[in-house]
Amino acid sequence: MIPELGHFSLILALLLAAAQAILPLAGAARGNTRWMAVAGPAARAQLLFVAVAFGCLASAFLSNDFSVENVAHHSSSRLPAVYRFAATWGSHEGSLLLWTLILALWTAGVTLFGRRLPDDMTARVLGVMGLVSCGFLLFMLFASNPFLRLQPVPPDGADLNPLLQDPGMALHPPMLYMGYVGFSVAFAFAVAALLSGRFDAGWARWSRPWTTAAWVFLTLGIMIGSWWAYYELGWGGWWFWDPTENASLMPWLAGTALIHSLAVTEKRGCFKVWTVFLAIGTFSLSLVGTFLVRSGVLSSVHAFATDPARGLFILAILVLTIGGSLLLFAFRAGRVGVGGSFAPVSRESFLMANNVLLLTATASVLLGTLYPLFMDALGLGKISVGPPYFNGVFVPLVAPALFLVGVGPVARWKDARLPELAGRLKWAFAASLATALLLPSVMGSWKPMAALGLLLAAWIGATACVAALARLRSAAAWSAGFYGMNLAHFGLAVAVAGISLVSSYESERSVRMSYGDSVALDGYTFLFKGVTYGDGPNFRAARGTLEVAYGGKPVATLHPEKRKYESSGMPMTEAAIDYGFTRDIYAALGEALDDDSWSVRVFVKPFVTWIWLGSILAALGGLLAIADRRYRVALGGRKGGKA
């Protein structure tokens, strides 16, 4: 009866989402406070029923209820309990239920922390989020039901995809969805502002902490996914320009532009139209990314044809959400107003230029991701758009954007004098140039791309220090937002340095090794000590042993594995990594060869850990910015009856 309870809970959640959407929006339009007051209780009740439905599905997985089709196709009795729980969102249906649960959590968060917002603004924001919930709940109930029964009941399940049987992939989707769905709050604020005609600094101030929180989650989600690909896939790479990765990168880039645009709108009253457009666009890209990954279209453009009901629902949600909001934007944008003026050389100008570059980079990624799908759908053949395109188009757009990251925070609002700006930044530029000229030579050889990356990384880090020192010298009041921004920029500098160094100076060898063979790489010696065999909970593994030495001194012992999962028969490579602050030593076990030897890949990856360290620092900077007092004052100030 648990699956039936889950299905019934989704029906009740749909009814509550409809009430949350219709009554508050109508009440805000008519000034009816009773109708507007429905939004909060309906949103919290909806969260309760969606949580019950999610709990029912999780219970079915944990109890090995193979009468549920979703469980039978994505779990097995031998699967460890932690991965049986993670399998709850391992399927298309389960991931949409998780998406809806997280949307309900964000909506309930607005009811909790937005109590001091004007009543009609709260009603409109919650009403818009209720409409989005309705779309996803209808999709689940009519085209993607996670609680369908299966007859006859199989004795065991087909098992979870071995790629997903990993702690990183257990954390990655929820964190990614927290970011995707979190941008729905900024989207709802933008649509509410369009409906009400209110575009003052207060609107931007209310939106900023929610947008920053979503950006933090998405940053961490992308970071975990990149780290998982690095250690799990056995290729030693951390970013492959895969469509699945691009689907998360696009809203991250647009969300980064949105955060900075909101800052200008709040501080100076500028960029109002641009900010509303970015809020709509960022969430739209989140929707596109979700459906690209979960619709099956990345595997085959004919996925819609094999399941027309699901395809029709997906297209309907995208058209209504994206098309409807853009149509509203087209009709109401003229009422927004221009805002304050600013000189060609000013902080506003630098932030606008940065936003344009970020949006252009986003468009280049979108084109490279969707173009092969359109070509295939039109019957014009299958093509592949890979790293050469993205590196050739994306990098030249991002490089000047990174330079502007260092200039913007130091420039004055409204009007910045070039001589004064140059004077404040001259030592930062000198230090950055020295780093770019000297450090690549220390790494062994001077390479132009490494020098460019280090120049930009040192520039961002040095200018962040200049801005922080200037703030301290001015004896200005402590601002969590300011120091959070600088910490995020410093984290970006660390990540850029890691990307530049590992891309330019990593080394690898693929060799055939028998017991007692050794291979040298960048001063390290890898001695192969053979392979042993063992059983895991649902797999059989060949476990290699490699003793690593540097200058004749032992450094590490690595144990890469080759696993074969029993239910699916799928082979998997489990890399072994000796992590270090300035380098990683990486080994992957390939296939067994015909003379008791094995194919082995070994890597030395300098500073690769800095990529994820920088991402964590950037996320911590976002969290610090959210703690800024002015946001608490904004949400905790006098409650207005009407915006």
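Residues numbered from 1 in each chain as written. Predicted model: local features only at pLDDT ≥ 70, side-chain atom pairs only at ≥ 80, totals over all residues. Heavy atoms only, no water.

Participant: I keep staring at the side chain of Asn354 and nothing clicks. Help me out?
Facilitator: Mapped onto the elements, Asn354 comes out in helix H14 (residues 347-377). Of the residues examined, Asn354 reaches a relative accessible area of 10% and is grouped as buried. Other than its neighbours up to four places away in sequence, Asn354 contacts Ala401, Leu404 and Val405. (Helix = DSSP H or I, 4+ residues; strand = E, 2+ residues; numbered from the N terminus. Buried < 20%, exposed > 50% of the residue type's maximum accessible area, 1.4 Å probe, protein only. Contact = heavy atoms within 4.5 Å.)

Participant: Is there a simple way to explain the domain arrangement of the protein chain in this structure?
Facilitator: Accessible area lost when the parts come together is the quantity often used to give the size of an interface. Split by domain assignment, the protein chain resolves into domain 1 (1-165), domain 2 (417-505 + 610-618) and domain 3 (507-607). On a C-alpha basis, the centroid separation for the pair domain 1 and domain 3 is 43 Å. With ten residues of domain 1 at the contact, the number on the domain 3 side is eight residues. Across the domain 1 to domain 3 interface the summed buried area is about 780 Å²; carbon plus sulfur atoms make up 55%. When residues of domain 1 are sorted by the area they lose upon contact with domain 3, Arg78, Asp159 and Pro162 head the list and together hold 59% of the total. Summed over the shared surface of domain 1 and domain 3, the number is one salt bridge. The closest approach of N and O atoms between Arg78 and Glu566, which form a salt bridge, is 1.9 Å. Partitioning the side of domain 1 that touches domain 3 into residue classes produces five nonpolar, three polar and two charged. (Domains from an automatic or database assignment. Buried area = accessible area lost by both parts, 1.4 Å probe. Salt bridge = Lys/Arg side-chain N within 4 Å of Asp/Glu carboxyl O. Nonpolar A, V, L, I, M, F, W, Y, C, P; charged D, E, K, R; others polar.)

Participant: I keep staring at the pattern of salt bridges and nothing clicks. Help me out?
Facilitator: When the charged atoms of two side chains lie near each other, side chains of opposite charge can form a pair. Considering all chains together, one arrives at 16 salt bridges under this definition. The partner of Arg601 in a salt bridge is Glu508, and the shortest N-O contact between them spans 2.9 Å. Linking Arg601 in strand S10 (residues 598-606) with Glu508 in strand S1 (residues 507-513), this pair joins segments that are 93 residues apart in sequence. According to the relative accessible area criterion, Glu508 is partly exposed, its value standing at 42%. A salt bridge links Arg540 to Asp535; its shortest N-O distance comes to 2.8 Å. The exposure class assigned to Asp535 is exposed, which follows from its relative accessible area of 58%. Put simply, Arg543, Glu561, Arg563 and Glu574 are held in one network by salt bridges that share partners.

Participant: What is the right way to read the environment of Phe390 from this model?
Facilitator: Summarising the element assignment, Phe390 is placed in helix H15 (residues 387-407). Looking at Phe390, the relative accessible area reads 1%, which means it is buried. C-alpha of Phe390 to C-alpha of Cys134: the two residues are 256 residues apart in sequence and 37 Å apart in space. Other than its neighbours up to four places away in sequence, Phe390 contacts Trp241, Asn246, Ser364, Val365, Gly368, Thr369, Val385 and Val395.

Participant: Help me understand the packing of helix H6 (residues 92-113) against helix H9 (residues 201-232) in this model?
Facilitator: The relative placement of two packed helices is expressed as an angle between their axes plus a distance between the axes. It is the contact of H6 with H9, at a shortest axis distance of 13 Å, that shows an interaxial angle of 145 degrees. Handedness of the crossing formed by H6 with H9: right-handed. Facing Trp106, Gly109, Val110 and Phe113 of H6, the residues of H9 in contact are Trp210, Ala213, Ala214 and Phe217. A breakdown of the residues in the contact of H6 with H9 according to their chemical character gives seven nonpolar, one polar and no charged. (Axes fitted to C-alpha atoms, helices over the stretch in contact; angles between N-to-C directions. Left-handed = near helix turned anticlockwise from the far one by under 90°.)

Participant: Just checking my understanding: could you explain the pairing of strand S9 (residues 583-592) for this structure?
Facilitator: Where a strand is regular, its side chains alternate between the two sheet faces. With respect to burial, S9 is a largely interior element, eight of its ten residues being buried. Pairing of strand S8 (residues 576-578) with S9 involves three bridges; the strand directions are antiparallel. Bridge pairing in S9 places Ala576 opposite Ala587. Here S8 folds back onto S9, and the loop between the two strands holds four residues. Strand direction decides the pairing type here: S9 and S10, joined by eight bridges, are antiparallel. Counterpart to Ala587 in the pairing with S10 is Val602. Counting the residues between successive antiparallel strands, the hairpin from S9 to S10 contains five residues, one of them, Asp596, with a positive phi of roughly 65 degrees. (Pairing = 2+ DSSP bridges.)

Participant: I would appreciate a short explanation of the sheet that holds S9 in the present structure.
Facilitator: Sheets are built from strands that pair by backbone hydrogen bonding, the pairs being arranged parallel or antiparallel. Sheet architecture is open: four strands sit in the order S1-S10-S9-S8, paired in antiparallel fashion. The sheet terminates laterally at S1 and S8, the two strands that pair on one side only. Shown here is a sheet whose adjacent strand axes are inclined to one another by a mean of 15 degrees, direction ignored. Relative to S10, S1 runs antiparallel, the two sharing seven bridges. Looking at S10, one finds that Val511 is bridged to Val600. Sheet strands touched by H9: S8, S9 and S10. Its angle to S9, the strand with the most contacts, is close to 50 degrees.

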